[in-house]
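Coordinate analysis (summary)
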Amino acid sequence: MTARIIDGKAVAGKIREELRRDVEILKAKGVTPGLGVILVGDNPASISYVTAKERACEEIGIFSDDHRLPADTPQKDLLAWVARMNADPKIDGILVQLPLQRHHDEEQVLLAVSPDKDVDGFHPVSVGKMMLGQETFLPCTPHGVVQLLIHSGVKLDGAHVVVVGRSNIVGKPVANMLLQKSPTGNATVTICHTRTPDIGKFTRQADIVIAAAGKPNTITADMIREGAVVIDVGVNRIADPLRKSGFRLAGDVDFEGMLGKASLITPVPGGVGPMTITMLLFNTVMSAKRRARGER
Ligand code: GUN
């Protein structure tokens, strides 16, 4: 079997085009969607994420209110920025880029974001609603994975999905979304993690493997069955002196090895990555629609 490569950029582009039209309609009603972004410190990966998010906002007409704060910003100042954005009616979504600095209390900052503007879907209220299957902001990377599967025509109803990784940002929420009693769920879900002996024993039973372990080469071809769908959420920086940047990106999956065995596979980069930012735009537009309806 030769795997078809899922073009995340193309799917993301299609959704962003729909969002761009939604933004035009909102603007005609006098509502310009606004995203408040807080970035603390100078972590290169975070700067690159935030820059990409701002560029994506601009492309579809979302106004982005960007605050880059020094690494020694006190916790109380960070909380004051969040409070200011909570109170600003022009801001529909608030994004505090993670990880914060070691001296910050991340949990307290995420809790301070109003659930009405929690476009990252990290607030306990959002997480609780997601788990209960209620309408809410869904976290962007797992939501991007689900949308990528749906847009690629993958049947989720009754499928056995094995998620490798149990992070709060990807593993736990993607497993939860896929098991919901809903047309975008209805899967049987198994979660493996660092303490699972013989992960291959589980992944070999999967129709769909979602790799979110944060370690290159965690999933190799001998660990999947012929024709499985493989979604690689890993973003690992591998030192590469031949590149100008000094690194290349690799996922958690042995991509080359899978090409002769999987039916569908996402590349890294160009798979899940473009979907994460797209779902952030989706949540921000959804929040602006609520404002336009007078619900906030
Ligand atoms: N850091 C890595 N991924 C994310 C994300 O999706 N949202 C935020 N706020 N920070 C991140």
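What comes next concerns the included structure.

Reading the values: rules and limits
- Throughout this document, residue positions are counted from 1 along each chain, in the order its sequence is written.
- Totals for whole chains, interfaces and linings use all residues, but because this is a predicted model, local features are given only for residues with pLDDT of at least 70 and pairs of side-chain atoms are given and counted only at 80 or more.
- Each side-chain value is derived from all of the structure's non-hydrogen atoms; neither hydrogens nor water enter the calculation.
- Labels follow the DSSP assignment, with helices taken as runs of H or I lasting at least four residues and strands as runs of E lasting at least two, numbered in each case from the N terminus.
- A contact between two residues is defined here by any heavy atoms of the two lying within 4.5 Å.
- One side-chain nitrogen of Lys or Arg within 4 Å of one carboxyl oxygen of Asp or Glu is enough to make a salt bridge.
- The buried label goes to any residue with under 20% of its type's maximum accessible area, the exposed label to any with over 50%, and the partly exposed label to all in between, with areas taken from a 1.4 Å probe on protein chains only.
- Axes, fitted as lines to C-alpha atoms, cover a helix only where it is in contact. Angles between the N-to-C directions of the axes lie from 0 to 180 degrees.
- An angle below 35 degrees is read as roughly parallel, one above 145 as roughly antiparallel, one from 65 to 115 as roughly perpendicular, and any other as oblique.
- In this scheme the crossing of two helices becomes right-handed for a clockwise turn of the near helix relative to the far one and left-handed for an anticlockwise turn of less than a right angle.
- Gly is placed with the polar residues, together with every amino acid not listed as nonpolar (Ala, Val, Leu, Ile, Met, Phe, Trp, Tyr, Cys and Pro) or charged (Asp, Glu, Lys and Arg).
- Here the term patch refers to residues with relative accessible area over 30% and no salt bridge, with like charges joined within 9 Å and nonpolar side chains (Val, Leu, Ile, Met, Phe, Trp, Tyr) within 5 Å.
- Here the open area of atoms and residues is found with the Shrake-Rupley method and a 1.4 Å probe, where only the protein chains shown may cover a residue.
- Strand pairing requires that DSSP identify at least two bridges connecting the strands.

Position of Met85 among the secondary structure elements: in helix H3 (residues 75-87). Along the chain, Met85 and Gly36 lie 49 residues apart, while their C-alpha atoms are 6.7 Å from each other. Dropping the residues within four chain positions of it, Met85 is found in contact with Gly36, Val37, Ile38, Asp65, His67, Ile91, Ile94 and Lys117.

Further remarks concern the pattern of salt bridges. Close approach of charged atoms lets side chains of opposite charge pair. Considering all chains together, one arrives at 15 salt bridges under this definition. One salt bridge in this structure joins Asp22 and Lys289, with 3.1 Å as the shortest N-O distance. Residue Asp22 is located in helix H1 (residues 8-28), and its partner Lys289 is located in helix H10 (residues 273-292); the two are separated by 267 residues in the primary sequence. Of the residues examined, Lys289 reaches a relative accessible area of 31% and is grouped as partly exposed. Each of the salt bridges in this network shares a partner with another, and the network as a whole consists of Glu17, Arg20, Arg21 and Glu24.

Pairs of packed helices are described in terms of their axes, by the angle between the two and the distance that separates them. Look at helix H2 (residues 44-60) against H10: their axes get within 10 Å of each other, and the N-to-C directions meet at 55°. Between H2 and H10, the interaxial angle falls into the category oblique. For H2 against H10, the interelement crossing comes out right-handed. Residue-level contacts link Tyr49, Ala52, Lys53, Ala56, Cys57 and Ile60 of H2 to Ile277, Leu280, Leu281 and Val285 of H10. Of the residues belonging to the contact of H2 with H10, the class tally is nine nonpolar, no polar and one charged.

What follows covers a nonpolar patch on the surface. Among the surface-exposed residues, Tyr49, Val235 and Leu249 lie close enough to one another that they form a single nonpolar patch of about 250 Å² accessible area. Tracing the sequence through the fold places Leu249 in strand E10 (residues 247-250). Residue Leu249 is classed as partly exposed on the basis of its relative accessible area, which comes to 31%.

The next point concerns the sheet that holds strand E3 (residues 63-69). Here we have three strands laid out as an open sheet, ordered E3-E2-E4, and parallel in their pairing. Each having just a single partner strand, E3 and strand E4 (93-96) make up the two edges of the open sheet. Each neighbouring strand pair of the sheet contributes to a mean axis angle of 15°, computed without reference to strand direction. The pairing of strand E2 (residues 34-40) with E4 spans four bridges and is classified as parallel. By the bridge assignment, Val37 is partnered in E4 with Leu95. The sheet contacts of H3 involve E2, E3 and E4, and relative to E2 the element is tilted by about 175°.

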